[in-house]
Amino acid sequence: MNVVGTSAKRIDGIEKVTGSAEFTTDIVLPRMIHAKVKRSPFAHARILGIDTSKAEQMPGVRAVITAADLPDIRLGILTLDEHLLAHDKTRLVGEPVAAVAADTPEIARSACEQIEVEYEELPPLFDPEEAIRLDPPVVLHEEYEEYEKLLEIAEMDERPPNLWQAYRIRHGDIDAAFKQVEDEGGHIIENRYATGYVHTACMEPHGAVAQWSSDGTLTLWAGGQSPYIARDGLAKALDLSPSKVRVIVPFVGGAFGGKLTVKEGAIAAALARKARRPVKIILTRAEDLSATAARTPFIFDIKDAVTKEGILIGRKVTSILWGGGYSGEGILKPIFSTHLYPGSYRLAALWVDSYGVYTNRVSGGALRGYGCAESAWAVETQMDIIARECDIDAVELRINNLLTEGERTAITMPAHAFSAHECLTKCADAIEWETPSESLEHPWYRGKGIALGNKYSFAPTASSTELKVHEDASCELRTSAVDLGQGAYTILTQIVADEFGIEIDQVKLVTPDTAITPFDHVAGSSRQTFHTGNATRMACDDAKRQIRELAAPKLEADPDDLDVSGGRIFVKGSPERSIEVEDLFVVEMLAGKRPADVEVIGKATWEVTASPHDPNTGQGEEPMAYMGHGAQAAEVEVNVETGQVRIRKFVSAIDVGKAMNPQGVEMQNYGGGCMGIGIALHEDMCFDASGEMTNASLMDYKIPSIAEMPLNEYMESIIVEVPHQHGPYGAKGAGEIVVVPTSPAIGNAIYDAIGVRIWDQPLTPEKVVKAWKEKKAAGNGSGA
Amino acid sequence: MIDCHYLEPTTVSEACALLAEHGDGAKVVAGGQQMSLLLRNGLIQPSHLISIQHVSGLEDIAESADGVTIGAKVTLNRLIGVDNAHPTLRALSRAVEDVADQQIRNFATLGGAICEAHPASDINVVLSTLNASVKLVSASGERVVSIDDFVTDAFATAVRPGELLTEVVVPSFDLTSAAAAYRRFVLRAGDYSVVGVGTFVSLDGAGSCQDVRIVVGNCSGTPAQAQEAEGRLKGHNIVGNNALADAGDLAAAHVAPSGDPMASSEYKIDLVNVLTREALAEAVALATG
Ligand SMILES: Cc1cc2nc3c(=O)[nH]c(=O)nc-3n(C[C@H](O)[C@H](O)[C@H](O)COP(=O)(O)OP(=O)(O)OC[C@H]3O[C@@H](n4cnc5c(N)ncnc54)[C@H](O)[C@@H]3O)c2cc1C
């Protein structure tokens, strides 16, 4: 039965479409009350005192907490720099300072208004280039040196006081590369790029429900990306043993990297403990947009050494990640973003200095593509500029610089299942790259652009699963993998059905619950199909091994000569010698059935190790689990008078190794394309001079609507399948690569149309008009 | 929590009586599209909400020699396509097609859209372009006010406590020689306009401009007439020459919009120029076509 590779229906589809799927907000527990958070109105301030007495006396208020009610523990992913509730200082507008639990959300909100906080305002720091100075005007974390840190950063003579990440790559002889190009009259191309502030803006805002039981165990329901990261984070925040925390993940309405930790869940838990009642917290849309982690900007300075023939031989990059008040989930971005500097290209010399700094804005978090979607903007625009400078076709130039199978990138990532060439050429064919865009009537211009991308999936990492076989031959998979909407549950179900030769509806999933389901690292980094998929196959094998051993005496055969499929166990080569799976189960005295050997539960752990890279050179052994490839191309129509950019046609050619569910991959291509278009052209968190976000609503934060997308027939998805040696059935992930090349593809198309570059995202109509006017003023003619 | 009385009168006079009775604390709610946001965000705390949902007689569209009268409760969706029966409303009908989205337009009323007095309102710009006026009824009588006098500032109108807007009158014009058009620019479908420009032109057979009106939206608190641009056109031949482009330049030269996070002042001025020219071109084409 080949279920893997078919577009099996989403197993959660009916529940979601009919509204019966349970999300965090749907959970109602007896005696449950509601929490609201009191947030800092200042970007930088010292807290002199908090008076909660008025709030506590309000009817209906059940608990009020401040930092004084919590253990004095700093939290963080790798640099522990953040208290759950602001301790002595607040470092961004919206930072939680106190919280209230009350009978209704409205009472809790009014009570928050009654909490009096005395602040001493401190000068805020917003500019990352000021922040990184050795003598910055403001220092955010005076006690940084004392913080616990789980990651070594690059050595520096003196650490700029606001710096929390430094990473270097030193590969090859960079000076020689630039000298060679200078001597032979090649091209040196240097530019500065920037990305913008982007929010995950999931349909479901952050939220959680917390409940304590009498034995001191905390149960938390929260739509997060990783029940185990959540569990450990809660345990740390509340000073509990992890075994005292149970995290259950209901359905999740989108995450995209924004739900790695469950800070609001920890606040709800602390309130629930004090109030001795279950507490629900659901952030408002404004809180969700302004006070949860965002994709914060990068600044990239790139200088490339290119031979006359268009071969890239040296690249120098300095980048700064514009972090916020805390290092947060963005902590690894300055490292992981470097994967795109070599990208899929051969690079004899690479020199990188990559930093992350504190500023008094929203903390940096993950968002689909974790650093690579940002660095791709710089690198793949740069490739387009190089092609034009060298007068070589942009596809050809990229192909001439590509690695080949078996080589390693300048940061030692092996080019395995290396499909960049195939993705690029298929994408180019679909957009009819060889045919220039039609001319339109002024003020409209058409143009095409293309970009290549790749996306690592991080390591070290592990996934475990358990597979229980029931007497009716149905299978129950216990997994902590999370379906965020990407279709993970369907894929895993398909794998079990395939391995056991049974129908999809004979597979049942036990979804994430740390009291029941085994460890899985996270639904992130495009890792679920790859890692959990492998673990699931292995758990199936383990269960089948147990079945074969139980069946062997009955069939008078060696277990190795048996096979299990479709609810039967049979002797390989003579299928008539078989028994039913059911026959392995014996009737017990109280009418319960159990297998002769008590239980058939397969279990497995799939693990990928990695050697840590030297932060001073960026060199090491295999740094990541695998790398996925993809190319995207856009044809745009630009109005030079209004600056409007319409995407006329958009193509994604994405390599997934093996399309486990082709329709699911297509949905990733379309959905990712839409998200990428939004990031490229529309989405921008804006802040006023005090550091407050000024467009914290879906009316003002411009997630594009369907009207901004190309018409159906102009949105094309191409699935490329170059199997990976370690992927289940050869599969790689698809979740993130789909937004990596999007922005540069669109930016390059705008250049093709009107001959202007916009260096900082998003590429808004206003910036288009400005760039066009500057070009006119410079007397460059009509460009198109 | 929203804590107020919700009243549902069924006639205009009943509604006016309730408004008079409850004074300043009483607010009218029609489709509720803006009102629900005001309430949710705590921007107003009315003591009484007076819903006109069940008030009869505010849903008619009628045409006479003087013009078209539209009841305050006519929903925006109903205005789409209304120009088939009432060609005078062509520009209004077309403009409404792009306002907000289907769900909002199903509830949003024309009266509510006018009274909201949003500085980026497309509807008030079009109505101003068309020289429309509104009828205000109170327990003590009624009065008719032009849109230009009605909208006094951003989110501010000439409505007095106790008054209800009952209808809008769009005066008729000679459809064979005059036409109106509206152009807007949005960052995303369904958004409020960054800038909108309404134009009305009346031409004689030789292409000379007899009458013209140009109204710019979202560059100040109220719809703003571009008099300098109008001056460039009125009494001149405007077909087949630079007149419309000049008018665009002049309109742009005389607005001083404040910038916002999504669009700077400079950019809005650029848009005024482009949209004025385009809206004029469309009106001229219709008037001569
Ligand atoms: C998401 C969104 C997008 C929008 N986009 C656009 C757009 O692109 N262009 C545009 O022009 N508009 C836009 N609007 C505005 C929309 O047209 C108005 O909000 C709507 O028409 C208001 O009508 P309503 O019947 O819902 O008014 P309500 O919300 O019920 O009332 C609005 C105001 O008018 C008062 N009021 C209502 N009726 C009367 C009356 N008969 N007499 C006296 N006072 C009255 C109320 O007291 C209140 O102050 C948008 C609105 C939303 C919510």
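Fair warning: this is a prediction, and the values are worked out from it, not measured in the lab.

Cut-offs applied
- Residues numbered from 1 in each chain as written.
- Chains lettered and ligands numbered in written order.
- Predicted model: local features only at pLDDT ≥ 70, side-chain atom pairs only at ≥ 80, totals over all residues.
- Heavy atoms only, no water.
- Patch = residues over 30% accessible without salt bridge, like charges linked within 9 Å, V, L, I, M, F, W, Y side chains within 5 Å.
- Areas by Shrake-Rupley, 256 points an atom, 1.4 Å probe, with all protein chains shown as cover.
- Salt bridge = Lys/Arg side-chain N within 4 Å of Asp/Glu carboxyl O.
- Lys, Arg positive; Asp, Glu negative; His and termini not counted.
- Charge placed at Lys NZ, Arg CZ, Asp CG, Glu CD.
- Buried < 20%, exposed > 50% of the residue type's maximum accessible area, 1.4 Å probe, protein only.
- Domains from an automatic or database assignment.
- Buried area = accessible area lost by both parts, 1.4 Å probe.
- Polar contact = N/O pair within 3.5 Å; in protein donor to acceptor, adjacent residues only side chain to side chain.
- Nonpolar A, V, L, I, M, F, W, Y, C, P; charged D, E, K, R; others polar.
- Phe/Tyr/Trp six-rings, centres within 6.5 Å; stacked < 30°, edge-to-face > 60°.
- Helix = DSSP H or I, 4+ residues; strand = E, 2+ residues; numbered from the N terminus.
- Expected span 1.5 Å × (residues − 1).
- Near = heavy atom within 4 Å.
- Axes fitted to C-alpha atoms, helices over the stretch in contact; angles between N-to-C directions.
- Parallel < 35°, antiparallel > 145°, perpendicular 65-115°, else oblique.
- Left-handed = near helix turned anticlockwise from the far one by under 90°.
- Contact = heavy atoms within 4.5 Å.

Trainee: When you look at a negative patch on the surface in this model, what are you seeing that I'm missing?
Mentor: Together, Asp393, Glu396, Asp429 and Glu434 of chain A give the surface a local cluster of negative charge. The exposed category is assigned to Asp429 of chain A, whose relative accessible area is 60%.

Trainee: I tried to follow the domain arrangement of chain A on my own but got confused; where do I start?
Mentor: Size of an interface, as often reported, equals the accessible area lost when the parts are brought together. All names here are of chain A. Considered domain by domain, chain A is made up of domain 1 (16-122 + 206-282), domain 2 (298-459 + 612-777) and domain 3 (461-608). On a C-alpha basis, the centres of domain 1 and domain 2 stand 36 Å from each other. Buried surface at the junction of domain 1 and domain 2, summed over both partners, amounts to about 1,500 Å²; 59% is from carbon and sulfur atoms. Considering only the side of domain 1, the residues that lose the most area to domain 2 are Asp81, Leu92 and Phe256, jointly responsible for 32% of the buried surface there. The interface formed by domain 1 and domain 2 holds one salt bridge in total. Lys263 is the salt-bridge partner of Glu329, the closest N and O atoms lying 3.8 Å from each other. There are seven residue pairs in polar contact (both at pLDDT 80 or more) connecting domain 1 and domain 2. Per-class residue counts for the side of domain 1 that touches domain 2 are seven nonpolar, five polar and six charged.

Trainee: Help me understand the packing of aromatic side chains in this model?
Mentor: Think of a pair of aromatic rings as described by two things: how far the centres are apart, and how the planes are tilted against each other in angle. Residue and element names in this part refer to chain A. For the coordinates displayed, the defined rule picks out 19 aromatic pairs over all chains. Centre to centre, the rings of Phe298 and Phe300 are 5.0 Å apart; their planes meet at 15 degrees, and the pair counts as stacked. In this structure Phe300 comes out as buried when scored by relative accessible area, which is 0%. Taking 5.1 Å as the distance between ring centres and 65 degrees as the angle between the ring planes, the aromatic pair formed by Phe336 and Tyr456 counts as edge-to-face. With Phe336 in helix α9 (residues 333-336) and Tyr456 in strand β16 (residues 444-458), this pair connects stretches of sequence that are 120 residues apart. Judged by its relative accessible area of 1%, Tyr456 is buried. Members of the aromatic cluster, joined through ring pairs, are Tyr144, Tyr147, Trp164 and Tyr358.

Trainee: Would you mind showing me how to read helix α13 (residues 488-500) of chain A here?
Mentor: An α-helix turns once per 3.6 residues; consequently, residues spaced three or four apart project the same way. Residue and element names in this part refer to chain A. With 13 residues, α13 should cover 18 Å at 1.5 Å per step; its first-to-last C-alpha distance of 19 Å lies within 8% of that length. Counting buried residues along α13, 13 of its 13 residues qualify, which places the element largely inside the surrounding structure. Downstream of α13 by a residue or two, Gly501 has a phi angle that is positive, lying close to 60 degrees.

Trainee: Got a minute to help me understand the site of the ligand in this structure?
Mentor: Around the ligand sit 29 residues, and of these Val28, Gly31, Thr109, Glu116 and Asp122 of chain B come closest. Residues near the ligand are shared among chains A and B, making this a multi-chain site. The backbone of Ala30 of chain B places a nitrogen or oxygen atom 2.7 Å from an oxygen atom of the ligand. Between Leu165 of chain B and the ligand, the recorded distance is 2.9 Å, taken from a backbone N or O atom to a nitrogen atom. Contact with the protein chains hides 93% of the accessible area of the ligand, taken as 970 Å² for the molecule alone. Secondary structure elements with two or more residues in the shell around the ligand: β2 (26-29), α6 (110-116), α7 (122-129) and β10 (164-171) of chain B. Considering each element in turn, the shell around the ligand owes the most residues, four residues, to α6 of chain B.

Trainee: I keep staring at the packing of helix α6 (residues 227-238) of chain A against helix α7 (residues 263-275) of chain A and nothing clicks. Help me out?
Mentor: When two helices pack together, you describe them by how their axes are tilted relative to each other and by the distance separating the axes. All names here are of chain A. At a minimum axis distance of 10 Å, the contact between α6 and α7 shows a crossing angle of 50 degrees. As judged from the angle between their axes, α6 and α7 are oblique. Classified by chirality, the crossing of α7 by α6 is right-handed. Only Gly265, Ala266, Ala269, Ala270 and Arg273 of α7 make contact with α6, whose side of the interface consists of Leu234, Ala237 and Leu238. Looking at the contact of α6 with α7 residue by residue, the classes come out as six nonpolar, one polar and one charged.

Trainee: Can you help me understand the interface of chain A and chain B in this one?
Mentor: Listed as interface residues are 23 residues of chain A and, on the opposing side, 18 residues of chain B. Of the roughly 1,800 Å² buried where chain A meets chain B, counting both sides, 58% is carbon and sulfur surface. Three residues stand out in chain A for area buried against chain B, namely Glu641, Lys702 and Glu766 of chain A, and they jointly supply 32% of the buried area on that side. The interface formed by chain A and chain B holds four salt bridges in total. Of the charged contacts, one joins Lys773 of chain A and Glu266 of chain B as a salt bridge, the two residues approaching to 3.8 Å between their closest N and O atoms. Scanning the region where chain A abuts chain B turns up 10 residue pairs in polar contact (both at pLDDT 80 or more). Those elements giving two or more residues to the side of chain A that touches chain B turn out to be α3 (105-114) and α17 (765-777) of chain A. Of all the elements, α17 of chain A adds the most residues to the side of chain A that touches chain B, at four residues.

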